[in-house]
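# Overview (structure and organization)
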Amino acid sequence: PTQGSKKFQIPRNALRVRTKISKPQLNPIIYSVLAVAVDQITKAITRSTMDLYDSIAIVGDFFRLTYVENSGIAFGINFQGGPIIFTILASVATVAVAWYLWQSQRAHFIQRLGLSLILGGAVGNLLDRYMFGRVVDFFHFSFGQYSFPVFNVADSCVTIGMALFIYASYRYEVEVPKSYENT
């Protein structure tokens, strides 16, 4: 360069190659399988290591492992013929969630993850109902005089899955399943 002329410089960021490296996303159905596996393993451990109604303090009275069995619906609600009716309705709802998950392949990952956790939790509890006629519950939280109903991993998956699905439905554009586009 001559005196008075500006020295040619390449901007620092011009040499960087901008690439978008995307991590491959696991198929959300893997999370359903994982939820079922963890749920069934924890229930098997509970059945084999504890007697019915045993309770083990983990964090004082705040968190305990308490082995109970639930032949009714949510939170032990039961009525004549309820377990059979609930098992049939839960089976139909599980198939509907699986179908919706299949139809939502282009939806946001968080929405599909939520559906996958709901599906895994539903399948985990249905397996108990079909194999044993009742569901094993063991997580037990208490706050002072209030004792929250005992629940399990499958219940947790359904709850977390619903929260994720609702969040994603409000936060991200919802994909309409292909079968609804022409109606």
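Below, the structure is looked at part by part. From a predicted model like this one, the values you see are computed outputs, not experimental measurements. (Residues numbered from 1 in each chain as written. Predicted model: local features only at pLDDT ≥ 70, side-chain atom pairs only at ≥ 80, totals over all residues. Heavy atoms only, no water.)

### As for the overall build of the chain
How we decide: For the purposes of this entry, the term helix denotes a DSSP run of H or I that reaches at least four residues, the term strand denotes a run of E that reaches at least two, and both are numbered from the N terminus. Relative accessibility decides the category of a residue: with a 1.4 Å probe and only protein chains considered, values under 20% of the type maximum give buried, values over 50% give exposed, and everything between is partly exposed. Contacts: residue pairs with any heavy atoms within 4.5 Å of one another. Each accessible area is a Shrake-Rupley estimate made with a 1.4 Å probe; only the visible protein chains count as cover when residues are assessed.
Helix and strand content of the chain: four helices and four strands. The linear arrangement of helices and strands in the chain, starting from the amino end, is α-β-β-α-α-β-β-α. With 183 residues in all, the chain has 31% of them scored as buried. In the chain, the proportion of contacts linking residues at least 24 apart, taken out of those at least 6 apart, comes to 65%. Carbon together with sulfur atoms contributes 64% to the accessible area of the chain, which is approximately 12,600 Å² in total.

### Here we look at a nonpolar patch on the surface
Worth spelling out the cut-off: Exposure above 30% relative accessible area and the absence of a salt bridge qualify a residue for a patch, where like charges join within 9 Å and nonpolar side chains (Val, Leu, Ile, Met, Phe, Trp, Tyr) within 5 Å. Salt bridges are counted wherever a side-chain nitrogen of Lys or Arg sits within 4 Å of a carboxyl oxygen of Asp or Glu.
On the surface, a cluster of nonpolar side chains totalling about 660 Å² of accessible area is made up of I56, I58, V59, F62, F143, Y146 and F148. The element best represented in the nonpolar patch is strand β1 (residues 55-59), accounting for three residues. Assessed through its relative accessible area of 45%, I58 is described here as partly exposed.

### Looking at the nonpolar core
Inclusion rule: Nine residue types can take part in a nonpolar core, namely buried Ala, Val, Leu, Ile, Met, Phe, Trp, Tyr and Cys, and a core is a set of them joined through side-chain atoms within 4.5 Å.
Judged by nonpolar contacts, A35, M50, Y67, L113, L117, V136, F138, V153 and C157 together constitute the single largest core of nine residues. Listing elements by their share of this core, those giving two or more residues are α3 (109-132), β3 (135-143) and α4 (153-171).

### Some details on the pairing of β3
Basically, it comes down to this: Only strands that DSSP links by at least two bridges are regarded as paired with each other.
By the bridge criterion, six bridges tie strand β2 (residues 63-70) to β3 in an arrangement that is antiparallel. Residue pairing across strands places R64 opposite H140, the latter belonging to β3. Alignment of β3 against strand β4 (residues 146-147), held across two bridges, turns out to be antiparallel. Across the sheet, the residue bridging to F143 is Y146, located in β4. The antiparallel hairpin formed by β3 and β4 contains two residues in its connecting segment, where G144 sits at a positive phi of about 60°.

### With respect to helix α1 (residues 29-49)
Note the following rule: Expected helix span is given by 1.5 Å per residue-to-residue step, counting one fewer step than there are residues. The arc under discussion is defined with respect to the helix axis, by the directions toward the C-beta atoms.
Its 21 residues give α1 an end-to-end C-alpha distance of 30 Å, which sits within 8% of 30 Å, the value for a rise of 1.5 Å per residue. Turning to α1, its buried residues number three or more, namely S32, A35, V36, D39, Q40, K43 and T46. Down the axis of α1, the buried set is contained in an arc of 125°. They therefore lie on one face. Relative to its buried face, α1 has exposed residues pointing more than 90 degrees away, namely V33, I41, S48 and T49. For α1, the secondary structure elements touched by its buried residues are β2, α3, β3 and α4.

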